[in-house]
Amino acid sequence: MVRRDKDNYYLDMAEVALERGTCLRRNFGAVIVKNDVIISTGYNGAPRGRANCIDLNVCIREQRNIPRGTHYEFCRSVHAEANAIIAASREEMLGSTLYLVGRDAQTGEIMPDANSCPMCKRQIINAGISRVVIRRDHDHYDVVDVQEWVDHDELLDGQIGY
């Protein structure tokens, strides 16, 4: 038996978290880990008390043919990364790792080009998270040193996220 490496282990947990996602287009799951302890989890969905897209059976961005990575103001959801950050204290997150998995809601396929949106990147920086690990397929992932986002402002603008 081959033991699963820790990054894939936590990515598997983020993949389970995305099962709670309520988006009709893409579902994301996030897990924040520090010193091998899960600090918090998050998935994308409407703010507490508001109807989710799956409840309304409509996605405004889909209805208006809004391309991926643009006009987030039309989206009902709070992103997975933001929900995970909201659920943890900054003290706990300092130096932590955020694990992120995205899945296309229509095809059920893992998104090999998943990425945090510019706003989530800013929140990750301010939360004090050090690394972001993003799943590309069942066994492969990319590791991002958040300091790169701090050092290179252009990485925070104009990149496609959700």
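The shown structure was predicted, so the numbers you read here are calculated from the model rather than taken from an experiment.

Thresholds, definitions, all that
Residues numbered from 1 in each chain as written. Predicted model: local features only at pLDDT ≥ 70, side-chain atom pairs only at ≥ 80, totals over all residues. Heavy atoms only, no water. Helix = DSSP H or I, 4+ residues; strand = E, 2+ residues; numbered from the N terminus. Rg over C-alpha atoms; globule rule 2.2 N^0.38 Å. Buried < 20%, exposed > 50% of the residue type's maximum accessible area, 1.4 Å probe, protein only. Contact = heavy atoms within 4.5 Å. Areas by Shrake-Rupley, 256 points an atom, 1.4 Å probe, with all protein chains shown as cover. Lys, Arg positive; Asp, Glu negative; His and termini not counted. Charge placed at Lys NZ, Arg CZ, Asp CG, Glu CD. Core = buried A, V, L, I, M, F, W, Y, C linked by side-chain atoms within 4.5 Å. Disulfide = S-S within 2.5 Å. Phe/Tyr/Trp six-rings, centres within 6.5 Å; stacked < 30°, edge-to-face > 60°. Pairing = 2+ DSSP bridges. Axes fitted to C-alpha atoms, helices over the stretch in contact; angles between N-to-C directions. 1 Å grid on protein atoms, 1.4 Å probe; cavity = no way out; pocket = protein on both sides within 12 Å on 5 of 7 lines; lining within 4 Å. Points joined across faces, edges and corners; volume = space filled by probe spheres on them. Nonpolar A, V, L, I, M, F, W, Y, C, P; charged D, E, K, R; others polar. UniProt positions renumbered as here; feature names shortened; annotations may be inferred.

Brief notes about the overall build of the protein
When you go through the protein residue by residue, the secondary structure sums to seven helices and five strands. Here the protein has a C-alpha radius of gyration of 15 Å; the compact-globule value for 162 residues is 15 Å, and the two agree. Seen through its C-alpha atoms, the protein measures out along the principal axes to roughly 40 × 40 × 30 Å. Scored against the burial criterion, the 162 residues of the protein give a buried share of 45%. A sequence separation of at least 24 residues applies to 68% of the contacts in the protein between residues at least 6 apart. When the accessible surface of the protein is split by element, carbon and sulfur atoms take 50% of a total near 8,700 Å². Considering the protein, the positive charge centre built from 20 side chains and the negative charge centre built from 24 side chains are found 6 Å apart.

A few points about the nonpolar core
The biggest cluster of nonpolar side chains holds 21 residues, and the ones touching the most others in it are I32, I85, M93, L98, I124, I129 and V132. If you list the elements that add at least two residues to this core, you get β1 (26-34), α4 (80-86), β3 (97-104), α6 (118-127), β4 (131-135) and α7 (146-151).

Examining the state of the cysteines
This model, assessed by the stated rule, comprises zero disulfides. The structure places no disulfide on C53, whose sulfur is separated from the nearest cysteine sulfur, that of C59, by 5.1 Å. Residue class for C53 comes out buried when judged on its relative accessible area of 6%. Take C120: it sits in no disulfide, and the sulfur closest to it among the cysteines is that of C117, at 3.7 Å.

A look at the packing of aromatic side chains
Centre distance and the angle of the planes are the two values used to describe a pair of aromatic rings. Tallied over the full model, the rule gives two aromatic pairs. When the centroid spacing of 5.3 Å and the interplanar angle of 40 degrees are considered together, the rings of Y10 and Y99 count as tilted. Taken as a pair, Y10 in helix α1 (residues 6-17) and Y99 in strand β3 lie far apart in primary sequence, 89 residues in all. Taken together, Y9, Y10 and Y99 form an aromatic cluster joined through their ring pairs.

Here's the deal with the sheet that holds β1
Judged by pairing direction, the sheet is mixed, and its five strands sit side by side in the order β2-β1-β3-β4-β5 without closing on themselves. Looking along the sheet, the strands with just one partner apiece sit at the ends: β2 (37-43) and β5 (141-145). Taking the axes of each pair of neighbouring strands and ignoring which way they run, one obtains an average angle of 20 degrees across the sheet.

Quick notes on the layout of surface pockets
Here the largest pocket is characterised by a volume of approximately 330 Å³. Y43, G45, A46, R48 and N83 are, among the 16 residues lining the largest pocket, the residues nearest its centre. Secondary structure elements with two or more residues in the lining of the largest pocket: β2 and α4. For the lining of the largest pocket, the element with the most residues is β2, which contributes three residues. In terms of residue class, the lining of the largest pocket is made up of six nonpolar, seven polar and three charged.

Quick word on the UniProt feature "domain: CMP/dCMP-type deaminase" (unreviewed entry) in the protein
According to UniProt, the feature "domain: CMP/dCMP-type deaminase" (unreviewed entry) maps to residues 5-145 in the numbering used here. Secondary structure across residues 5-145 comprises 29% helix and 24% strand; the distance between its end C-alpha atoms is 19 Å.

Regarding empty space enclosed by the protein
Evaluated as defined, the whole model comprises one cavity of 30 Å³ or more. If you add up the space inside the largest cavity, you get close to 120 Å³. C23, R25, C59, R61 and C75 are, among the 14 residues lining the largest cavity, the residues nearest its centre. Of the residues that constitute the lining of the largest cavity, the class distribution is seven nonpolar, three polar and four charged.

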